[in-house]
Protein chains: 2
Amino acid sequence: MTIKDLAKLCGVSVSTVSRVLNDRPDVSPAVREAVLSAVRESNYVPNNSARSLVLTSSDAVGLVVRGVSNPFYSDIIKVIGREIDAAGYTMVMQQISSSADELEAAALMEREKKLCGLVLLGGRWDYSEEELRRITVPFVCCSYTNTFGSLPRGCYSSVTIEDSRAAERAVDELCGLGHTRIACLMAERDDRSISELRYHGYLSSLGAHGIAPDEALAAVAGSFDMADAYEATRRLIASGAEFTAIFSISDAMAIAAIKALADCGREVPRDCSVIAIDGLTFSEYVRPTLTTLCQPMAGMGEESVRILFDVIEGRSANRHVIVEPVLRRGASIAPPKK
Amino acid sequence: MTIKDLAKLCGVSVSTVSRVLNDRPDVSPAVREAVLSAVRESNYVPNNSARSLVLTSSDAVGLVVRGVSNPFYSDIIKVIGREIDAAGYTMVMQQISSSADELEAAALMEREKKLCGLVLLGGRWDYSEEELRRITVPFVCCSYTNTFGSLPRGCYSSVTIEDSRAAERAVDELCGLGHTRIACLMAERDDRSISELRYHGYLSSLGAHGIAPDEALAAVAGSFDMADAYEATRRLIASGAEFTAIFSISDAMAIAAIKALADCGREVPRDCSVIAIDGLTFSEYVRPTLTTLCQPMAGMGEESVRILFDVIEGRSANRHVIVEPVLRRGASIAPPKK
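Residues numbered from 1 in each chain as written. Chains lettered and ligands numbered in written order. Predicted model: local features only at pLDDT ≥ 70, side-chain atom pairs only at ≥ 80, totals over all residues. Heavy atoms only, no water.

Focus on helix α11 (residues 297-312) of chain A
Residue and element names in this part refer to chain A.
Reasoning step 1: The end-to-end C-alpha distance of α11 is 23 Å, a good match for the 22 Å that 16 residues give at a rise of 1.5 Å each.
Reasoning step 2: Among the 16 residues of α11, twelve are classified as buried, and the element is accordingly described as predominantly covered.
Reasoning step 3: Within α11 the residues assigned to the buried category are Met 297, Met 300, Gly 301, Glu 303, Ser 304, Val 305, Ile 307, Leu 308, Phe 309, Asp 310, Val 311 and Ile 312.
Reasoning step 4: Looking one or two places after α11, you find Gly 314, whose phi comes out positive at around 75°. (Helix = DSSP H or I, 4+ residues; strand = E, 2+ residues; numbered from the N terminus. Expected span 1.5 Å × (residues − 1). Buried < 20%, exposed > 50% of the residue type's maximum accessible area, 1.4 Å probe, protein only.)

Right, dumping it as C-alpha cells:
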C-alpha cells in the first residue's frame, strides 16, 4: 500500500492524504477522519526514509528551464519529459529568461504545484546553502553544477560536462593546428556560469601551450544571444586586433561569429578558424560545417531523471555525474595562413 | 464562492469537489458527505454556463507539442507557458514525435492530469468529429487548424497563418524576380498538413503566373528533418532537372537546402534563389541570410491562451484566428542568371 493507493481508496488526492499524515491544518475534520480511518484499516506504513513519499503531496516533477530560446535545450526537454512520463509522474514545466532567478521560480513552483522533485535545466553556479533552504524537495542541476557555490555536495545532484576541460580540448585543437592568436568569444568572463568556466579552460589551454593571453582577444558579448555575439565579433574585427582563430563558448554564438566574419570579408576557415562547444543540429548545416564538442544531450536528460527518481523513491543519495563531450569534426578549422 | 474556494474550505482538491458535484463513484462516502455539507452551508452555486468550472477538476492546462525538435516551437512554448502562469493556471506539457497521435496523447493527458483545457501545438489537419469525442475540455489548435477534416468549427478554436496564402506570397516573390523554373522542397505533398497546404500555395502561385508545374521540380523529403531536406535537395540536383529557385516549406529545410546546393557547387542566390516560411532566429545568421515569411510566434502563443481561457471561463465561444506572416528580406533571392 502506497500513499497513492491510499489516496485512491479514499477518493482524495495524494496531496490531501499527505496533509493529513503531516498533521497540517488545511484539511476539514470530516476528510481528516476519513483518511485516518483508511490508514488504520489498511496496512499503510509511512516510509520515513523515503522522505518525499510522505512530505510531498503529488506526483508532479517540476522542470525549470532557464534561457528558453537556448536551442541546446530542446532535445534535453524532450527526453526529460519522456522519462518523467515513463516513470508515471507528471512534468510541470516553467521556462524563465536567462536573467531570471531559477531558485525563486523553483521555490514558488514547489509551493504552488506541490512538487515531489525538481530538475533545473540551466542556472547559476554559485548557490549558497541558505538560498537553497527555499527548496525542500530533491533536485538535480542538469547541464550545470555548483562549482562556484558553497552548497554541500550531498544536498543536490548534478549532471554536466566538465566545462573548463571541454574548452581546453577545443582550444587544444586550435593550438595543435599551429594557431597562437586565438580569440575567445564569450558571454561574460566572470558570470560564474559556463561562460566563465569555458573562458578559464581557454586560458588554461593557452597556458599549457606557452601562449600568453592577450586582453585584446577577449570578445565579451554580454549575453548568449546570437545578435550580441554577432556584434561582439564585429567589434573584435574593427578593433584591429590580430587573430587567426576564434574559440566560441557556444555553437549559436559561433554561427553568429562566422556570419560576422563573412560580412567583414573574412572566410572561415581560410582567414579564421572557428571552434565551439554544444553540438546543435543546425551546426551541421551552416557553411562551413561547424567543428564543435557535442554535449550528449539525450544522455544528460535521461541521467538527470534517473537520479531524481532514485533520490525521491529512496533508492540512493544525491550524486554528481560528469559526462564526456564528443568532438564532431566539421570544416571550420584549418591551420593558420602563413 | 467558486469551486476553488469550496475545495479550500473542505481541504480537498478541486478535482475531488468536482467528482462529488458530478456524482462520480470514485469518492469515499465520508469525503462526499463532507463536500456536500460544505456546499449546503456555503452559497456555492455551480455555474453551468461556464461548464468547465464544474466538469473539470483542476487548474492544469495541457500543452501537447508535436514534433519536439521543431525549432519553430521554442518561442511559442515560452510564451504559452508565461501566459498560462500569468492566468494562475498550471501548464502540464507533453512533447511527442511528429509521427505520434496528438489526440491520443491529449486524451490520455486529459484523463490522467485532470485538465481544464488544452493547447495542441502542431497536429493533424483532418480530425473527424468522432475522434474528438475523446477530448472533453476546451482546446485550441496552435499553428494549425482543421482544413481537411470534418470537425464542426464551433467545437474547437485555432490560431494559424493561412499556409497556402503564405506559400503563394513566397512563390510570388520568386516569380516577380523572373523565375519560372521553381522547385518546391516539401515533407510530403499529401500529408494533410502544412506541407500539403504550402505545396498547394506553390502550385496556385505558379498557376497565377501562367507557369505549368513540372513534376520533376517537386522535391519530397519525406519529413521535416534537416537531414532529409538535405538529401532531397541533393537528389533534385542529381536528377538533372533544371531550376533557378527553390521554395522551401520551412526555414530549417531551406537551410539544409542551401547547404546541399553549396556542397554541389551552386551558390545562393547567384545560381539558385531560396525562399521559405517560418522566420527562425537562425535564419538571420546563415549565409546568405534567408529570405522568409515570418510567423508571428509570440502573438500566436498569446492569442491561443487568451482564447482558451475565454472559453474555459465562459466569456466566449470557440473562435478561429488567422494571423499574417511578415516578409523578412534576407539575401537568398535574386533574379535568375541570364
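That covers the picture; the talk isn't over yet.
With respect to the nonpolar core
Reasoning step 1: If you look at the biggest cluster of nonpolar residues, it comprises 166 residues, and the most contacted ones within it are Phe 247 of chain A together with Phe 247 of chain B.
Reasoning step 2: Filtering out sequence-adjacent residues up to four positions away, Phe 247 of chain B remains in contact with Ala 167, Ala 170, Val 171, Leu 174, Ile 182, Ala 183, Cys 184, Leu 185, Arg 198, Tyr 202, Ile 275 and Ile 277 of chain B.
Reasoning step 3: Ranked by size, the runner-up nonpolar core spans 26 residues in total, among them Ile 3, Val 14 and Val 31 of chain A together with Ala 7 of chain B. (Core = buried A, V, L, I, M, F, W, Y, C linked by side-chain atoms within 4.5 Å. Contact = heavy atoms within 4.5 Å.)

A few points about the domain arrangement of chain A
Reasoning step 1: Domain boundaries in chain A define domain 1 (3-46), domain 2 (60-162 + 297-324) and domain 3 (163-295).
Reasoning step 2: Here the C-alpha centre of domain 2 of chain A lies 29 Å away from the C-alpha centre of domain 1 of chain A. (Domains from an automatic or database assignment.)

What about empty space enclosed by the protein?
Picture a little ball the size of a water molecule; that probe, rolled over the atoms, points out where space is still empty.
Reasoning step 1: This structure, assessed with the given rule, holds three cavities of 30 Å³ or more.
Reasoning step 2: The volume enclosed by the largest cavity comes to roughly 90 Å³.
Reasoning step 3: Forming the boundary of the largest cavity are Ile 255, Ile 258, Tyr 285, Val 286 and Arg 287 of chain A together with Ile 255, Ile 258, Lys 259, Tyr 285, Val 286 and Arg 287 of chain B.
Reasoning step 4: Only α10 (251-263) of chain A together with α10 (251-263) of chain B provide two or more residues apiece to the lining of the largest cavity. (1 Å grid on protein atoms, 1.4 Å probe; cavity = no way out; pocket = protein on both sides within 12 Å on 5 of 7 lines; lining within 4 Å. Points joined across faces, edges and corners; volume = space filled by probe spheres on them.)

A short note on the packing of helix α9 (residues 226-238) of chain A against α10 of chain A
All names here are of chain A.
Reasoning step 1: α10 packs onto α9 with a crossing angle of 45° between their chain directions and a minimal axis gap of 8 Å. The angle between α9 and α10 falls in the class oblique. For the crossing formed where α9 meets α10, the hand is right-handed. Across from Met 226, Ala 229, Tyr 230, Thr 233, Arg 234 and Ile 237 in α9, the residues of α10 making contact are Ala 252, Met 253, Ile 255, Ala 256, Ala 257, Lys 259, Ala 260, Leu 261 and Asp 263.
Reasoning step 2: When the residues that make up the contact of α9 with α10 are grouped by side-chain class, the tally is eleven nonpolar, one polar and three charged. (Axes fitted to C-alpha atoms, helices over the stretch in contact; angles between N-to-C directions. Parallel < 35°, antiparallel > 145°, perpendicular 65-115°, else oblique. Left-handed = near helix turned anticlockwise from the far one by under 90°. Nonpolar A, V, L, I, M, F, W, Y, C, P; charged D, E, K, R; others polar.)

Focus on the sheet that holds strand β7 (residues 218-220) of chain A
Residue and element names in this part refer to chain A.
Reasoning step 1: Pairing is mixed across the open sheet formed by six strands, whose spatial order is β7-β6-β8-β9-β10-β12. Both edges of this open sheet fall to β7 and β12 (326-328), since each of them pairs with a single strand only. Direction aside, neighbouring strands of the sheet carry axes that sit 20° apart on average.
Reasoning step 2: The pairing of strand β6 (residues 182-186) with β7 spans three bridges and is parallel. Directly across from Met 186, in β7, lies its bridge partner Val 220. (Pairing = 2+ DSSP bridges.)

Details of the relation of the copies chain A and chain B
Reasoning step 1: Mapping chain A onto chain B calls for a rotation angle of 180° and an axial translation of 0.1 Å; the resulting RMSD is 0.2 Å. This pairing of chains is accounted for by a two-fold axis.
Reasoning step 2: Taken together, the interface assignments show that 100% of the residues at the interface of chain A recur at the interface of chain B, consistent with an identical surface on both copies. (Least-squares fit on C-alpha atoms with pLDDT ≥ 70 in both.)

Quick word on the pairing of strand β2 (residues 90-96) of chain A
Residues and elements named next belong to chain A.
Reasoning step 1: Most of β2 is tucked away: seven of the seven residues are buried.
Reasoning step 2: The alternating pattern of β2 places Thr 90, Val 92, Gln 94 and Ile 96 on one face and Met 91, Met 93 and Gln 95 on the opposite face, and all of these are buried.
Reasoning step 3: Taken together, the seven bridges between strand β1 (residues 60-66) and β2 define a ladder with parallel strand orientation. Bridging across to β2, Val 65 finds its partner in Gln 95.

Quick look at the interface of chain A and chain B
Reasoning step 1: Listed per partner, the contact involves 48 residues of chain A and 48 residues of chain B.
Reasoning step 2: Roughly 3700 Å² is buried in total at the junction of chain A and chain B, and carbon and sulfur atoms are behind 60% of that figure.
Reasoning step 3: In terms of surface lost to chain B, no three residues of chain A exceed Phe 282, Tyr 285 and Arg 287 of chain A, which account for 23% of the buried area on that side.
Reasoning step 4: At the junction of chain A and chain B, the tally comes to two salt bridges.
Reasoning step 5: The partner of Glu 267 of chain A in a salt bridge is Arg 287 of chain B, with the nearest N and O atoms 3.4 Å apart.
Reasoning step 6: Linking chain A with chain B are 13 residue pairs in polar contact (both at pLDDT 80 or more), by the criterion used here.
Reasoning step 7: Elements represented by at least two residues in the side of chain A that touches chain B include exactly α1 (3-10), α2 (14-21), α3 (29-41), α5 (73-86), β2, α9 and α10 of chain A.
Reasoning step 8: Of the residues that constitute the side of chain A that touches chain B, the class distribution is 27 nonpolar, eleven polar and ten charged. (Buried area = accessible area lost by both parts, 1.4 Å probe. Salt bridge = Lys/Arg side-chain N within 4 Å of Asp/Glu carboxyl O. Polar contact = N/O pair within 3.5 Å; in protein donor to acceptor, adjacent residues only side chain to side chain.)

Concerning α10 of chain B
Within an α-helix, residues lying three or four positions from one another point in the same direction, as the helix has 3.6 residues per turn.
Residue and element names in this part refer to chain B.
Reasoning step 1: Over its 13 residues, α10 extends 18 Å from the first C-alpha to the last, a length consistent with the 18 Å expected when each residue adds 1.5 Å.
Reasoning step 2: In terms of burial, α10 is a largely internal element, twelve of the 13 residues being buried.
Reasoning step 3: For α10, the set of buried residues is Asp 251, Ala 252, Met 253, Ala 254, Ile 255, Ala 256, Ala 257, Ile 258, Lys 259, Ala 260, Leu 261 and Ala 262.
Reasoning step 4: Structurally, α10 contributes buried residues whose contacts are with β6 (182-186), α9 (226-238), β8 (245-248), β9 (273-278) and β10 (291-294).
Reasoning step 5: In this structure Ser 250 caps α10, since a side-chain oxygen of it lies 3.2 Å from the backbone nitrogen of Met 253.
Reasoning step 6: One or two positions beyond α10, positive phi appears at Gly 265, with a value near 85°.

Notes on the pattern of salt bridges
Pairing of side chains with opposite charge becomes possible as their charged atoms draw close.
All names here are of chain A.
Reasoning step 1: This structure, assessed with the given rule, holds 46 salt bridges over all chains.
Reasoning step 2: Residue Arg 82 is joined to Glu 302 by a salt bridge in which the shortest nitrogen-to-oxygen separation is 3.2 Å. Taken together, the residues span a long stretch of sequence, with Arg 82 in helix α5 and Glu 302 in helix α11 at a distance of 220 residues.

With respect to the packing of helix α5 (residues 73-86) of chain B against helix α11 (residues 297-312) of chain B
Residues and elements named next belong to chain B.
Reasoning step 1: In contact at an axis separation of 8 Å, α5 and α11 are set at 35° when each is read in the N-to-C sense. For the element pair α5 and α11, the recorded crossing hand is right-handed. Facing Asp 75, Ile 76, Val 79, Ile 80, Arg 82, Glu 83 and Ile 84 of α5, the residues of α11 in contact are Met 297, Ala 298, Gly 301, Glu 302, Val 305 and Phe 309.
Reasoning step 2: Classifying every residue of the contact of α5 with α11 gives eight nonpolar, one polar and four charged.

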